[in-house]
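What the coordinates show
The lines below spell out each chain.
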Amino acid sequence: MGQILAYRGDVLVQLVPLPLGQTLHTKQPSFRQDPNNGRPYIEEIYSTDEAKCLHALICLKNAVIGSNRQKGFVVQHGVISRLIQIISCDSSPVSVRIEATIILGSIAKGTDEHVKALVDMNIIPLLVKGVLEDGDESSARLVEASLCCLRTLLQSGLAPTGTLAQDSDFVQHLLALLRASITSQMAIATILTAECKTPECQDLLSAHGAVYSLTALLCSPHRKVQMPALSCLAKIIFQNRGVALAAASASFGGRPLPDILTSLMAQDMPKGMQLSAARCLTYLHRAGALSASDDIIKGKTLSCLTRLCDKNHDNGIKAIAAETLGYLTEVDMILQKDASILNHLITNLAMYFKYAMEEVPPLQAQLRQAAFRAFASLGANDEDIRKKIIETEGLMDHIVCGLQDSSPGVRLAAIRCLHSLSRSVQQLRTTFQDHLVWKPLMNLLKHASDDDVVTVASSTLCNLLLEFSPSKEPILELGAIDLLCGLTRRKEAALRLNGIWALMNMAFQAEQKIKSQILKALGTEQIFRLLSDPEVNVLMKTLGLLRNLLSTKPHIDQIMNLHGIQIMQAVILILEGNHSAEVKEQALCILANIADGDSAKDFIMTNEDVLKKLASYMMHSSVKLQVAAIFCVSNLVWKEENGALERQARLKEMGVHKLLQQLINTSDTLLFDKVKTAMTQFSDS
Amino acid sequence: MASPNNTGQASEPAMDRLKQLYPMVNEEETPLPRCWSPKDKYNYIGLSQNNLRVHYKGHGKTHKDAASVRATHPIPAACGLYYFEVKIVSKGRDGYMGIGLSAENVNMNRLPGWDKHSYGYHGDDGHSFCSSGTGQPYGPTFTTGDVVGCGINLIDGVCFYTKNGHNLGTAFTDLPQKLYPTVGLQTPGEVVDANFGQQPFVFDIDDEMKALRARTRATIQNYTIPGPPGQWTNTLQNVVCSYLVHHGYCSTAEAFAKSTGQQFNEDVTSIRNRQRILRLVLAGKIGEAISETQRLYPGLLESDHKLMFLLKCRQFIEMVSGVDIPESSSSLSSPPRISTPQQQSVIQSTKSYKKPRSNLAANFSSPVSDMNGSEENSNNTNSLNGESDVDMEANNHNNGCHQDGHEDMEIDSNNANQAKSGLCGGSKAALERILSFGQELNALSMEVNRDPQSTQMLQDAFSLLAYSDPWKSPVGWQLDPQQREPVCAALNSAILQSKSLPRRPPLEIARAHAQELVALMSRSGLGSCAFANLDELLSIP
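Residues numbered from 1 in each chain as written. Chains lettered and ligands numbered in written order. Predicted model: local features only at pLDDT ≥ 70, side-chain atom pairs only at ≥ 80, totals over all residues. Heavy atoms only, no water.

**Let's talk about the overall build of chain A**
Going by this rule: Put simply, DSSP H or I for four residues or longer makes a helix, DSSP E for two residues or longer makes a strand, and each gets a number counted from the N terminus. Between the two quantities, the radius of gyration covers C-alpha atoms and the globule rule is 2.2 Å times the number of residues to the power 0.38. The buried label goes to any residue with under 20% of its type's maximum accessible area, the exposed label to any with over 50%, and the partly exposed label to all in between, with areas taken from a 1.4 Å probe on protein chains only. Note on contacts: a residue pair qualifies if any of its non-hydrogen atoms lie within 4.5 Å across the two residues.
Across its full length, chain A holds 45 helices and 2 strands. Taking 26 Å as the expected radius of gyration for a compact globule of 685 residues, we find that chain A reaches 35 Å, considerably beyond that expectation. Expressed as lengths along the three principal axes of its C-alpha atoms, the size of chain A is roughly 120 × 60 × 45 Å. Counting the 685 residues in chain A, one finds 54% classified as buried. Long-range pairs, those at least 24 residues apart, make up 68% of the contacts in chain A between residues at least 6 apart in sequence.

Take a look at the structure:
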């Protein structure tokens, strides 16, 4: 018997009389014919008679709802200033202010020009005042209307945002208003989402209990409340460890927030909800509040996001899902591995380029960018995954196109993807060569103004310049040396590092001509500057470059011949400086290389100071440094070379031979080998 | 109750789990696979652990030594989404293991996937085999310790696999019907365990079920009914209106009809009359309902003996429950009777009735004689003796039918006395009224052409008297006011029919029709029926 209710509910829905829009629709034509006669009430809006004014406002409200034409009229005829005058006047009755606010809220939903007109009139502080109104029931309606109007304006992206959430009292007031109504909940969650722009805002919101309030909103039975609450939650936990930790331990009705979010990812939830919930969990993970090994992340979130990347979903959903997935898996190898086998992810992502071609521009770029980002994360560490990605049909072509895409976001994502894939030795030798990827890459490097692009592109270039890479030659031809030398002069440490690193790679086993070009383009002064770089990695790579330059006898002699004095100065500078053993080891290795030359040997032999330093490093507490110093000594005394006897005599005189005899008893095998090699070079005496 | 059922309960949760997974499967028509078949396998396959563990016992030299086993039954379409998991206990020598599906009669000397109507995912290379000797790259390889799941979406005819709880995505499409879960092994030492749902799965299959359920629901809800706009609305309004009229929700029906422009085909007075009678039935005042019916619809009950019997039976129950208190014991006979002779020969008719039932009584001969013996016991009170004369029949049957209720039953005469007195609030007069009403009811039952259903009904009703606390007795369910509803519906239908109006409202017919269609879908292999549970669909807000 009870079942009647179910039927009744369903059927009665069909009984709604005439939709509201229809009455408006019939009115409009008459407006068009005679714009002045159609709005007799406009005059009365200016009436001082409150009843008349109220009536006129109600007429206007009904006219503007859903009609951009009517809104245009209101804007053009300066009615807005009257409306603003009404809401800013505390003496106007609340009912009048409510109607005026509703009309303004309606106009805010119009075209961009309408929104700008409102923003230009500096309406936001007035709305904030409306939100702060307190008192009886009718002022509650004013608060709600003000919230809605404020929400619409801030959401449009055309109003300045970011200041309201810095006001502690206002935030507290907003959070207290969450109890008021469903409409307020929707509006407030959206306002906070738009306003929360800095880590300080995140902290402030969290300090006022926003995490708890949002958790409560997520348990609302209304989807339209849950959705903005999810967006807001994502906003306040993004890259904020403190807030994320608070969120991970928050609960409502005995249910922890991560569990609530997990339940919102269930497959019978609307797709947008699943996606937003997965995004929040992703942010919780990346902010360090949920571990990658937690089943909520590794099981549910990963599976939800990979599922949302498949062909059955809207392209908008797919784009955000892949972008989020890229962020989720960016640093964790296990997540990368799991994602790569889930739901045919790689094949599905490859399809994004096809979907993009059928889409309108903004979404087109989003799809491409998302796919590249996801691929970049997936291929960051695992060679098998990289292989799977590259073997995906046509992918390299898409990357090459992506490097030249008109959207900067797509270009950056494409380089990230290429960078990730360039960590594979095999790909450097084959696919990259086949697709001439260096061409667009060099092009980007030459013309890019965006530091992010240059950073990732130059990192990629480093990999392409590795000795086994066949791309090395053509990259040189495209003027890479000047470009890289330019990078070493940038103020961004990451760029200097990439520049010098790439040069180091380039110099490795290079021809004499290239080495000279590098030295010439870089200049010894710049080398000195890099040797005193605050970034130790830059310093290390600079020393690495010098080592690579000073290899094979003829190169050593020629380079020393030209720049010997400066190079020796540089080495001494490092050896005397306050550096770590790793750095000094590099410097000693440079000396060893110099000692491998013919004429170059003199730079060391004639410098008593350097010889003394070598002797002292032989007895250093760091074995690494001992090994490097002895290596240098054995190069100096190598018996088959001209003048070996004199050098041996000189070193003996310095007590080096004695030191070697002491060291032969070492227990360190590597050191022992080096000592023995050096000893055998000394002619019997 | 506890101890004898213990063994049964142990297996119950497992059964329940499968029932919960696949609630729309009628296992009488299409049993679910619960283990591997000891008959449907190649010789090289050995089974153990209740036929859930599979091991290889052949030579394992070439692919000609491959061996498979199928589950006992094909996957019923009404599962909607079917899923089973296989844990690799040991990969054996080479780990050539295949997990999948195959149709009946596919060669078992093969791994799943190699032949027509056979599908498999192989551990050694991670390839999927779709009725072909050459595989396609599909997923990762799997080996000892991995749990591989196989899911079949019977709505779309597609199959996916999982590895350690991760969905690997679609492997096969366009699957035929009636496939069996299948595993194949090929080298010595390979051992796998199956979980057909008796144990919790590693993979969250429930989430996938949710997706399909939501999809099916959306398909139903978004279905556009062909025809000119407005027509369907009109039909629905008609359905609702007729339902309201049928059940006598008079004011609601009037209001609804007024706002929707529907017309009744019954006048309002008539509806109100029915409404009044139905309310009496629903309130348990059956006696009043009967007299009202006789007043307003003379001849209706007189010509419909079964309905009369049904009402009287209910009246008896309501008397036991203390809701229906007849003004006098003669209330039953106060309206004009058609056939008076039976009234006088209660005992006679009881005997004549006994004959066709003798075979049933014989089955329970010993309890019958016990009771008969108690009748001879001189310690019994008069009232009990007088009652047992008439009631014996019902009591005997009750005794036989409810063997398990022995402990609750009050055989001892002293206790019986107490029981009876407790039954009618200690009023002897009330008890006598019930007993005499029972006699009349029994007499009436003779007039009706008794089918097993009404016999049972009478037995159940009379059995109430056998318990000290009828509410807590095994037949206590009859006292639930909800049980008035079928009686109410039957009376309502009869009244409507007497006025040449439909017995059942269109809404209920449509509902029954839909339910029948869902069952038909199951028999026709349409997987969506798994998510087309009518009550569930209608209860969604």
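**What about the overall build of chain B?**
Our working definition: Every accessible area reported is derived by Shrake-Rupley at a probe size of 1.4 Å, with residue values counting cover from the shown protein chains alone.
A tally of helices and strands in chain B yields 18 helices and 14 strands. For chain B, with 541 residues in total, the buried portion stands at 48%. Counting contacts in chain B only where the partners sit at least 6 residues apart, residues at least 24 apart contribute 66% of the total. Summed over its atoms, the accessible surface of chain B is roughly 25,800 Å², and 51% of this surface lies on carbon and sulfur atoms.

**A word on the pattern of salt bridges**
For clarity, the threshold we go by: What counts as a salt bridge is simple: a side-chain nitrogen of Lys or Arg found within 4 Å of a carboxyl oxygen of Asp or Glu.
A full pass over the atoms with the stated rule returns 44 salt bridges over all chains. Between Glu608 of chain A and Arg650 of chain A there is a salt bridge; the shortest N-O distance is 3.6 Å. Here Arg650 of chain A lies in helix α43 (residues 644-653) and Glu608 of chain A lies in helix α41 (residues 608-618), a separation of 42 residues in the sequence. On the basis of relative accessibility, which here comes to 22%, the residue Arg650 of chain A falls in the partly exposed class. Note that Arg70 of chain B is salt-bridged to Asp40 of chain B, the shortest N-O span being 2.7 Å. One end of the pair, Arg70 of chain B, is in strand β4 (residues 67-71); the other, Asp40 of chain B, is in strand β1 (residues 36-41), and 30 residues separate them in sequence. Among the residues examined, Arg70 of chain B registers a relative accessible area of 2% and is labelled buried. Salt bridges sharing partners connect three or more residues here, namely Lys553, Asp596, Asp598, Lys601 and Glu641 of chain A.

**A word on the interface of chain A and chain B**
Formally: Buried area: the accessible surface (1.4 Å probe) lost by two parts on joining, summed over both. N or O atoms closer than or at 3.5 Å make up a polar contact, with two conditions inside protein: a donor-capable atom paired with an acceptor-capable one, and, for residues adjacent in sequence, both atoms drawn from side chains.
Each partner contributes residues to the interface: chain A has 21 residues there, and chain B has 30 residues. Here chain A and chain B share an interface that buries about 2,400 Å² over both sides, 61% of which is from carbon and sulfur atoms. The tally of links between chain A and chain B comes to 2 salt bridges. The partner of Lys300 of chain A in a salt bridge is Asp204 of chain B, with the nearest N and O atoms 2.8 Å apart. Applying the counting rule to chain A against chain B returns 6 residue pairs in polar contact (both at pLDDT 80 or more). At the level of secondary structure, the elements contributing two or more residues to the side of chain A that touches chain B comprise α1 (4-12), α19 (295-308) and α21 (333-341) of chain A. Take the side of chain A that touches chain B: its biggest share by element is 6 residues, from α1 of chain A.

**Topic: the side chain of Ser270 of chain B**
In this fold, Ser270 of chain B is placed in helix α5 (residues 268-282). In this structure Ser270 of chain B touches Tyr297 and Lys499 of chain B, once residues within four positions along its chain are discounted.

**Considerations on the packing of aromatic side chains**
What counts, and what does not: Pairing of aromatic side chains here covers Phe, Tyr and the six-membered ring of Trp, requires ring centres within 6.5 Å, and sorts the geometry by plane angle: under 30 degrees stacked, over 60 edge-to-face, intermediate tilted.
Enumeration over the complete set of coordinates arrives at 24 aromatic pairs over all chains. Their ring planes at 80 degrees and their centres at 5.8 Å tell us that Tyr283 of chain A and Tyr327 of chain A sit as a pair that is edge-to-face. Here Tyr283 of chain A is found in helix α18 (residues 271-286), whereas its partner Tyr327 of chain A is found in helix α20 (residues 315-328), with 44 residues between them in sequence. On the accessibility criterion, Tyr283 of chain A (14% relative accessible area) is buried. Overall, the relative accessible area of 12% leaves Tyr327 of chain A in the buried class. Note on Tyr83 of chain B and Phe203 of chain B: the rings are 5.5 Å apart at their centroids and 45 degrees apart in plane angle, and the pair reads as tilted. One end of the pair, Tyr83 of chain B, is in strand β5 (residues 81-91); the other, Phe203 of chain B, is in the loop between β14 (190-195) and α2 (205-221), and 120 residues separate them in sequence.

**Comments concerning the packing of α41 of chain A against helix α42 (residues 623-636) of chain A**
All names here are of chain A. As a reminder of what qualifies: Between the N-to-C directions of two axes lies an angle of 0 to 180 degrees, each axis being a line fitted to C-alpha atoms and, for a helix, fitted only over the stretch in contact. Convention used here: angles under 35 degrees read as roughly parallel, angles over 145 as roughly antiparallel, angles from 65 to 115 as roughly perpendicular, and any remaining angle as oblique. Rotating anticlockwise by less than a right angle from the far helix to the near helix defines a left-handed crossing, while the corresponding clockwise rotation defines a right-handed one.
Where α41 contacts α42, the axes come no closer than 8 Å and their chain directions differ by 135 degrees. Viewed along their axes, α41 and α42 adopt a mutual orientation that is oblique. Where α41 crosses over α42, the two elements pack in a sense that is left-handed. Contacts from Leu611, Leu614, Tyr617 and Met618 of α41 reach α42 at Leu625, Gln626, Ala629, Ile630, Cys632, Val633 and Leu636.

**Considering the packing of helix α15 (residues 223-237) of chain A against α18 of chain A**
All names here are of chain A. Inclusion rule: Any residue outside Ala, Val, Leu, Ile, Met, Phe, Trp, Tyr, Cys, Pro, Asp, Glu, Lys and Arg is labelled polar, Gly included; the first ten of those are nonpolar and the last four are charged.
Contact pair α15 / α18: the axes reach a minimum separation of 9 Å and the direction vectors enclose 25 degrees. By the criterion of interaxial angle, the relationship of α15 to α18 is roughly parallel. The interaxial crossing formed by α15 with α18 has left-handed handedness. Residues Arg223, Gln226, Met227, Leu230, Ser231, Leu233, Ala234 and Ile237 of α15 form the contact with α18, whose own contacting residues are Gly272, Met273, Ser276, Ala277, Arg279, Cys280, Tyr283 and Leu284. When the residues that make up the contact of α15 with α18 are grouped by side-chain class, the tally is 10 nonpolar, 4 polar and 2 charged.

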